[in-house]
Structures are given as C-alpha cells and as structure tokens.
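Each chain, written out:
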Amino acid sequence: QCFTGCRKSISNPFLVMMQHAILVETHANVDLLAKVIRKMTADNHYFFIHVDSKAKNYQDFLTLASHHVCFTDKRYNVRWGSVDQIYATLELISKARSIGIDFDYYHLISGQDYPVHTSRYFDDFFSNSTCSYMELDSKSPIGPRYMYYHLNGIMNVRKGIGETLKRYSLELQKYLSSLFQLRKPLPMRPYKGSNWWSLHKNMLGYILAYINQHPEYLKRFRFSSCCDEVFFHTLAFNSKLKCTIVKDDLRYYDWHRTYPNEKLPRVLTHSDYNKIIITNALFCRKIESPISNDLIKELDKDL
C-alpha cells in the first residue's frame, strides 16, 4: 500500500534510527552553516557540502570538516537558473554514496536553511518511513524552462546585458517555435516543484539508475532555465514509486513581500517564529545574519 509508515506518531516507542545524509549547497556564511551542523549533530547524521566555486572563503568552510562533515571533490560555478545547480546536486549525492554508508534519507538544503526542531525530533519524524517528501507545483508553466535555449549557464541573466540578451533571445525563440519545434520535448510528462527535498533511498536509487541508463536525460537540461525544479521531480513523479511521495518538502518559506521590491523568499525574522512552528516544516529559509539572529535563538531554545 502507498504511504506505509508515513502517517505516524512522533511519540511511537518503536521508532527505528535512520541514517541521514544532509546535502548542503552554499556559497557564503560559514557561521550559519556551523550553527546548523551543531544543532543537527548526531551519530547518524552526515553532512555533505558543495561550496560554490565563486566563494572566496572556501578555506573557512574547510575548518568545519570532520568525520561527519565532508566536502565535494568537485565545485561548480552555479549561476542562477543554470544546469550547474543540477550538477552540484548530483555531485553531493555521489559524495554521500562514496563513503560506504547505506543512507536511508537524503535531504537537500541550501546554505540559508535552518532546522526548526531538535535532531531527535528530526529522527523521530522519519523513523519507520519509506516516503519521499517533495513539493509539487501544478500551477506554474514548465515548458518554457526546457523548450527554449537559455543563457543562464553563460552569464548573469538577471541584470545588465545578460537580462537584455535573455529577453530578446526568448522573444525570437517564441516566434521561431510558432514555425517549427526548436527542441525535443522531455521523454516523459514533466513535473515541477521546490528544488529542496527529502528523498528516501529507494526513490533516490531509482533516479540514479535512470540517469545512468539514460545519460541523454541529463544532457537534455543543458541551456535550460531553473530546471533543478524539474529534473528530479519529473523522474520521481513518473516512477513506480510515485505513490510513496508526500507532496510537501517540509520547508517553510514566505513568498509575500512586506515592502516593495523585497527579494523572495523573504528573509525570516523573530516575528515569523509562531508561523513557522505551527507548520510541519523541518527547515526554514531564508536565514541571514544579523536579521535572523533572534529567530535562531528562539528556534534553539529547546536545545
């Protein structure tokens, strides 16, 4: 049956301790990452960290290395919306699988995430579960992300000349696509959702097996835009294990602006605590110092 072991009580006395791989994609703020590691430290928690190759303080990150904290062998220059985000995620997964531990769960978080609860609560939540947790966005259009050629991997397309070139390029491609097909569609129905997820090993194993057997699938996402939100979801929701997916990424974000032109998701503060704690989120983002410092203290009060 689907969802076996997903709906359970946190107080279940027969919970099984799982092995967790926490995959972190970051580019700054070593101090925040140190706090995340400290809060989630446990014998069954291992951290695998990809530091963007643009980061100038890489040596500062390496001071966090330990038996439970590893860094990827390869670092990518992850431009916004580029396929390098997918490459970095696959590199993290590869690093986690290389150390010889049979992890039950793989959790992808950003360097601006913070755990909402204690490590014990985290373990209790996933024990006895074989479900994967992924948000599903069925409202936003997906096709333009991979059916047009995008410049994200070449330049910054969010400002300046890169933004201008992007706009003219897409206008031209929209016209040309009305005359003929520019790119081949994906080999299966596409799905989209948050690129932060918690995947059970069965689902991750399926995804990796498909990629290994169909290398053209990964190649298809070159010159795409923000397809880290499509790549994994498309495989997961087309798999035989799709009935084990809970459509919730267990992350808290706030996409509502409190002032004009505020970047989204907005940076969380102490005033967000009550809204965060009543959800089932295990991580919240975005967190930045010093504006989020009081929130972190409140989230850590039970430690």
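See above for the structure.
How each quantity is defined
Residues numbered from 1 in each chain as written. Predicted model: local features only at pLDDT ≥ 70, side-chain atom pairs only at ≥ 80, totals over all residues. Heavy atoms only, no water. Helix = DSSP H or I, 4+ residues; strand = E, 2+ residues; numbered from the N terminus. Buried < 20%, exposed > 50% of the residue type's maximum accessible area, 1.4 Å probe, protein only. Polar contact = N/O pair within 3.5 Å; in protein donor to acceptor, adjacent residues only side chain to side chain. Pairing = 2+ DSSP bridges. Phe/Tyr/Trp six-rings, centres within 6.5 Å; stacked < 30°, edge-to-face > 60°. Lys NZ or Arg CZ within 6 Å of the ring centre and 35° of its normal.

**Comments concerning the side chain of Thr244**
Inspection of the secondary structure puts Thr244 in the loop between α9 (231-237) and β8 (245-246). For Thr244, a relative accessible area of 15% translates into the label buried. A polar contact of 2.6 Å, which involves the side chain of Thr244, links it to the backbone oxygen of Leu241.

**Overview of unusual backbone geometry**
Keep in mind that most residues, glycine aside, have a negative phi and that most peptide bonds are trans. Following Leu264, the chain continues into Pro265 via a peptide bond in cis, with omega recorded as -5°. Among the secondary structure elements, Pro265 is positioned in the loop between β9 (251-252) and α10 (273-277). Note the cis peptide between Arg285 and Lys286, where omega equals 10°. The backbone of Asn128 sits at a positive phi, close to 70°, despite the residue not being glycine. In this structure, Asn128 sits in the loop between α4 (119-126) and β6 (132-133). Of note, the phi angle at Cys226 is positive, near 55°, even though the residue is not glycine. Positionally, Cys226 belongs in the loop between α8 (215-219) and α9. Taking relative accessible area as the criterion, Cys226 reaches 14% and is therefore assigned buried.

**Observations concerning the pairing of strand β2 (residues 45-51)**
For β2, the tally of buried residues reaches seven of seven residues, placing the bulk of the element in the interior. Burial along β2 is two-sided: His45, Phe47, Ile49 and Val51 facing one way and Tyr46, Phe48 and His50 facing the other are all buried. As judged from the three bridges shared by β2 and strand β3 (residues 69-71), these two strands associate in the parallel manner. Residue Phe48 lies in a different strand from β3, and its bridge partner there is Cys70.

**Description of the sheet that holds strand β10 (residues 283-284)**
The strand order across the open sheet built from three strands is β5-β10-β9, with neighbouring strands paired in mixed fashion. Single-partner strands in this sheet number two, and they are β5 (114-115) and β9. Across two bridges, β5 lies against β10 in antiparallel orientation. Its bridge partner lying in β10, Tyr114 is registered against Cys284.

**Structural notes on the packing of aromatic side chains**
Following the criterion strictly, the structure yields 19 aromatic pairs and no others. On the numbers, 5.9 Å between centres and 70° between planes, the contact of Phe103 with Tyr106 is edge-to-face. One exposure class covers both Phe103 and Tyr106, and it is buried. Measuring from centroid to centroid gives 5.6 Å for Phe125 and Tyr133, while their planes differ by 55°, and the two rings are tilted. Judged by its relative accessible area of 14%, Phe125 falls in the buried class. One aromatic cluster is present, built from ring pairs that chain together Tyr105, Phe122, Phe125, Phe126, Tyr133 and Phe283. Directly above the ring of Tyr58 sits Arg75, whose terminal nitrogen or CZ lies 3.8 Å from the centroid.

As far as function goes, none of this settles anything; it's purely spatial.
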